[in-house]
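Structural description and commentary
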Amino acid sequence: VILAFGMAVGWVRPDVVSWQQGAFGSLGIWISLFGLQPLWLVETLLNHAWPKFVGPWRWILKATWCAWGLLWLILATLGLAAVYLGHPIPGMGCALGSALAGIGGFHWFCAMNRRGRLDWTYPARP
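Let me begin by describing the structure that accompanies this report. Per chain, the residues get numbers from 1 upward, laid out in the order the sequence is written. At least 70 in pLDDT is required for a residue's local features to be given in this predicted model, at least 80 for side-chain atom pairs to be given and counted, and no such filter applies to totals for whole chains, interfaces and linings, which use all residues. Only hydrogens and water are set aside; all other atoms, that is, all heavy atoms of the structure, feed into the side-chain values.

So, the nonpolar core
Soluble globular proteins tend to pack their nonpolar side chains together in the buried interior. Here, nonpolar core refers to any group of buried Ala, Val, Leu, Ile, Met, Phe, Trp, Tyr and Cys residues whose side-chain atoms link them within 4.5 Å. Only protein chains enter the area calculation, which uses a 1.4 Å probe; residues under 20% of their type maximum are buried, those over 50% are exposed, and those in between are partly exposed. Core analysis: the biggest nonpolar cluster contains 12 residues, these being Leu39, Val42, Leu46, Phe53, Leu61, Trp65, Trp72, Ala76, Trp108, Phe109, Met112 and Leu118. Elements with a minimum of two residues in this core: α2 (19–47), α3 (58–84) and α4 (88–114). In terms of residues, this core owes the most to one element, α3, which gives 4 residues. Two residues qualify as a contact provided that any one of their heavy atoms is within 4.5 Å of a heavy atom in the partner residue. Apart from the residues within four sequence positions on either side, Phe53 is in contact with Leu46, Arg58, Leu61, Lys62, Trp65, Trp108, Phe109, Arg117 and Leu118. The helix and strand labels rest on DSSP assignments: H or I over at least four residues marks a helix, E over at least two residues marks a strand, and numbering proceeds from the N terminus.

Below is the structure:
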């Protein structure tokens, strides 16, 4: 469905993108979303005040967590830009890199949890 949508955009608007660029662009977005899902899951937990980074290095841990998300965003954006500038293979490589950055960030977060670098707080029941 995603590839068909990308190709349809190219067929409907050939002045904007070709159908090949539309297919590769939608495929790049689809691959990048595999990396966004684990990052989004952990960020949802962090924003709901469940885990908190603890210890003397907590600011470095928070900055590292933000760096994983920033790495995902940069690689996903570069992948999409490369596809639409006519370089589909490097674009797919960047999309794959963004997917791996998201999965890597999730595993890094799980490792911090296993090492006891997170303090899980639970909201009080009403």
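Observations regarding α4
The span one expects for a helix is its residue count, reduced by one, times 1.5 Å. Taking 1.5 Å per residue as the helical rise, α4 with its 27 residues ought to reach 39 Å, and the 39 Å between its terminal C-alpha atoms agrees with that figure. Looking at the residues trailing α4, positive phi occurs at Gly116, about 80 degrees.

Remarks on the environment of Phe53
Of note, Phe53 is situated in strand β1 (residues 51–53). Among the residues examined, Phe53 registers a relative accessible area of 7% and is labelled buried. Here the alpha-carbon distance between Phe53 and Trp68, two residues 15 residues apart in the chain, equals 15 Å.

Let's talk about a nonpolar patch on the surface
Taken together, the side chains of Ile29, Leu33, Leu80 and Tyr84 present a nonpolar region at the surface, about 310 Å² in accessible area. Listed by contribution, the elements that provide at least two residues to the nonpolar patch are α2 and α3. Tracing the backbone shows Leu33 in helix α2. Residue classification places Leu33 among the partly exposed positions, given a relative accessible area of 37%. Two distance rules govern patches: like charges are joined within 9 Å, and nonpolar side chains (Val, Leu, Ile, Met, Phe, Trp, Tyr) within 5 Å, applied only to residues with over 30% relative accessible area and no salt bridge. Surface accessibility follows the Shrake-Rupley procedure with a 1.4 Å probe radius. Residue values consider only the protein chains on display as shielding. Definition used for salt bridges: Asp or Glu carboxyl oxygen within 4 Å of a side-chain nitrogen of Lys or Arg.

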